[in-house]
There are 2 protein chains.
Amino acid sequence: MKDNNTFHALELELSQMAKCLSHPARIQIITILSKHKDRTCKELVAELPLSQSTVSKHLNDLLEEKLICRKFSGTQSLYTLEWNKLERLFTIFDRLNKRTMINRPKRNCC
Amino acid sequence: MKDNNTFHALELELSQMAKCLSHPARIQIITILSKHKDRTCKELVAELPLSQSTVSKHLNDLLEEKLICRKFSGTQSLYTLEWNKLERLFTIFDRLNKRTMINRPKRNCC
DNA sequence: AATATTAATCGTTAAAGTACGATTGAAAGA
DNA sequence: TCTTTCAATCGTACTTTAACGATTAATATT
């Protein structure tokens, strides 16, 4: 795009977060971490149809957006969900939901 | 990715929808259409920091995901929001919200 | 009929995304 | 110490996304 600055901050933040969810592997990682408190890279690789290096890349993407957090433990990495960030994601999505759906006409006119 | 089939349908649909929201222009288009019942391509171009051809492309992306709908009227195209589809989008996001956040630990333990 | 308007499409370029296997470096276990 | 294990990173390939200006085709306007 020509000029990022002409988009509003809210739309930019939202689009960034949506990008995190724009790949099934990343959604699955979030889902897994939501029910396991922590997982190693290896464990995640075992649950995903992707190679170790590819999973590692997806984990890095989620790390950069701070949706997950990493702790080193011996030779392994423990990944945990950043609940606050995830909550913010859903809050922002919900805000868009309300901002738009409030304008929905009562009758479907098409 | 090697094998799409090993991802679940829900994650695939969700990731597709998230892709629609992964660009600020598309979010803005949805927002605009939510408050205007219909808009021409030209009107949308005027509100976005992008060229006519680029906006047209984003409109096409949204059309393909059936989030918007197009009617021809003379030399212009009228775009309207597909409210049902948008509602489904938010429903699915909300479902992920609930499926994950229900597992949030009471105490922040990190 | 000639011109203007609108919007899709074409052609192109550049950047980002997705994937893999191979390599590396660190820590653990033998 | 030697080997194994784990996960990040490197190198590479290919695809997709995003952007623009130019062109085209259709409809309106003059």
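Residues numbered from 1 in each chain as written. Chains lettered and ligands numbered in written order. Predicted model: local features only at pLDDT ≥ 70, side-chain atom pairs only at ≥ 80, totals over all residues. Heavy atoms only, no water.

As recorded by an unreviewed UniProt entry, chain A carries the name Winged helix-turn-helix transcriptional regulator and is attributed to Flavobacterium erciyesense.

Peer 1: Break down the sheet that holds strand S3 (residues 76–81) of chain A for me, citing the residues and quoting the values.
Peer 2: All names here are of chain A. As summarised here, the arrangement of the three strands in space is S1-S3-S2, forming an open sheet in which the pairing is antiparallel. Sheet topology places strand S1 (39–40) and strand S2 (68–73) at the edges, where each strand pairs with a single neighbour. Where S1 meets S3, two bridges bridge the pair, whose relative direction is antiparallel. Of the residues in S3, the one forming a bridge with threonine 40 is leucine 78. Lying over the sheet, helix H2 (residues 24–34) contacts S1, S2 and S3, oriented at roughly 85° with respect to S3. (Pairing = 2+ DSSP bridges. Helix = DSSP H or I, 4+ residues; strand = E, 2+ residues; numbered from the N terminus. Contact = heavy atoms within 4.5 Å. Axes fitted to C-alpha atoms, helices over the stretch in contact; angles between N-to-C directions.)

Peer 1: So, the UniProt feature "domain: HTH arsR-type" (unreviewed entry) in chain A: which residues are in play, and what are the values?
Peer 2: Per the UniProt record, "domain: HTH arsR-type" (unreviewed entry) is found at residues 6–101 of chain A. For residues 6–101 of chain A, the helix share is 65%, the strand share is 15%, and the end-to-end C-alpha distance is 24 Å. (UniProt positions renumbered as here; feature names shortened; annotations may be inferred.)

Peer 1: Can you lay out the interface of chain A and chain B for me, pointing to particular residues and giving the numbers?
Peer 2: Facing 42 residues of chain A, the contacting portion of chain B comprises 42 residues. Ranking the residues of chain A by area buried against chain B places Phe7(A), Trp83(A) and Phe90(A) at the top, with a combined share of 16%. At the surface where chain A touches chain B, the tally comes to two salt bridges. Counting across the interface, chain A meets chain B through six residue pairs in polar contact (both at pLDDT 80 or more). Counting residues per element, the ones that place at least two in the side of chain A that touches chain B are helix H1 (9–20), H2 and helix H5 (83–101) of chain A. Element by element, the count of residues in the side of chain A that touches chain B is highest for H5(A), at 11 residues. When the residues that make up the side of chain A that touches chain B are grouped by side-chain class, the tally is 21 nonpolar, 12 polar and nine charged. (Buried area = accessible area lost by both parts, 1.4 Å probe. Salt bridge = Lys/Arg side-chain N within 4 Å of Asp/Glu carboxyl O. Polar contact = N/O pair within 3.5 Å; in protein donor to acceptor, adjacent residues only side chain to side chain. Nonpolar A, V, L, I, M, F, W, Y, C, P; charged D, E, K, R; others polar.)

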